[in-house]
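Residue-level listing of the chains:
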Amino acid sequence: MTPTILKVLFIAIGIFLAYKLIFSGKKGLTIFEMHFKDGRLKSHKGKIPEKFQKDCRALVKSEKLTCTVRCEKLSGAVRLHISANVNDAITQRIRNLFPFEYYDKKQVDNSRQAG
């Protein structure tokens, strides 16, 4: 009875680990997210840089886009994700508006070292 339970437990753990490795996907910390529909901002969450939000809203309004713009931090780097239904030229224009340098600031350690 005990060897059977151990075999079932071992198989269940293997399936669980395989599931986690395959479907976990790398998702970072979402900094902000904006949802646009027909050129209008429908919803947003997170802290969005004010100038970027204003410029992005103007661009999306002029192009009458329906899309999602999401910014996430993954292993120290900031990435900007834009819906796939937006053409490459508009995607590049949105990326040019985004202030990457605002998020790439190095943290200064002001603590004093003993010794």
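Residues numbered from 1 in each chain as written. Predicted model: local features only at pLDDT ≥ 70, side-chain atom pairs only at ≥ 80, totals over all residues. Heavy atoms only, no water.

A.B. asks: Any chance you could explain the pairing of strand E4 (residues 77-82) here in plain terms?
C.D. replies: Looking along a regular strand, one sees the side chains alternate between the two faces of the sheet. Side chains Val78, Leu80 and Ile82 project from E4 onto a buried face, and the interleaved Ala77, Arg79 and His81 project onto a face without burial. In the sheet, strand E3 (residues 67-74) pairs with E4 via six bridges, with the strands oriented antiparallel. Pairing of Lys73 across the sheet is with Val78, part of E4. If you look at the hairpin formed by E3 and E4, you'll find two residues sitting between the two strands, and Ser75 has a positive phi there, around 50°. (Buried < 20%, exposed > 50% of the residue type's maximum accessible area, 1.4 Å probe, protein only. Helix = DSSP H or I, 4+ residues; strand = E, 2+ residues; numbered from the N terminus. Pairing = 2+ DSSP bridges.)

A.B. asks: In this structure, what is going on with helix H3 (residues 88-97)? I would like to understand it.
C.D. replies: An α-helix turns once per 3.6 residues; consequently, residues spaced three or four apart project the same way. Of the positions making up H3, those classed as buried are Ile90, Thr91 and Ile94. All buried residues of H3 project into a common sector of 105° when viewed along the axis, lining one side. The outward face of H3, more than 90 degrees from its buried face, is lined by the exposed residues Asp88, Ala89 and Asn96. Buried-residue contacts for H3 involve helix H2 (50-63) and E4. (Arc of directions from axis to C-beta. Contact = heavy atoms within 4.5 Å.)

A.B. asks: What's the story with the packing of H2 against H3 in this structure? I'm lost.
C.D. replies: For any two helices packed against each other, one specifies the crossing angle of their axes together with the interaxial distance. In contact at an axis separation of 9 Å, H2 and H3 are set at 160° when each is read in the N-to-C sense. In terms of axis orientation, H2 runs roughly antiparallel to H3. H2 and H3 meet at a crossing whose hand is right-handed. Residues Phe52, Asp55, Cys56, Leu59 and Glu63 of H2 pack against Ile90, Arg93, Ile94 and Leu97 of H3. Residue composition of the contact of H2 with H3, grouped by class: six nonpolar, no polar and three charged. (Axes fitted to C-alpha atoms, helices over the stretch in contact; angles between N-to-C directions. Parallel < 35°, antiparallel > 145°, perpendicular 65-115°, else oblique. Left-handed = near helix turned anticlockwise from the far one by under 90°. Nonpolar A, V, L, I, M, F, W, Y, C, P; charged D, E, K, R; others polar.)

A.B. asks: Got a minute to help me understand the nonpolar core in this structure?
C.D. replies: What tends to happen in soluble globular proteins is that the nonpolar side chains get buried as a cluster. Phe32, Met34, Phe52 and Val69 are the most contacted members of the largest nonpolar core, which has 22 residues in total. Where this core is concerned, the elements lending two or more residues are strand E1 (29-37), H2, E3, E4 and H3. Not counting the four nearest positions on each side in its chain, Phe32 is found in contact with Lys45, Gly46, Lys47, Ile48, Pro49, Phe52, Val69, Arg70, Cys71, Leu80, Phe98 and Tyr103. (Core = buried A, V, L, I, M, F, W, Y, C linked by side-chain atoms within 4.5 Å.)

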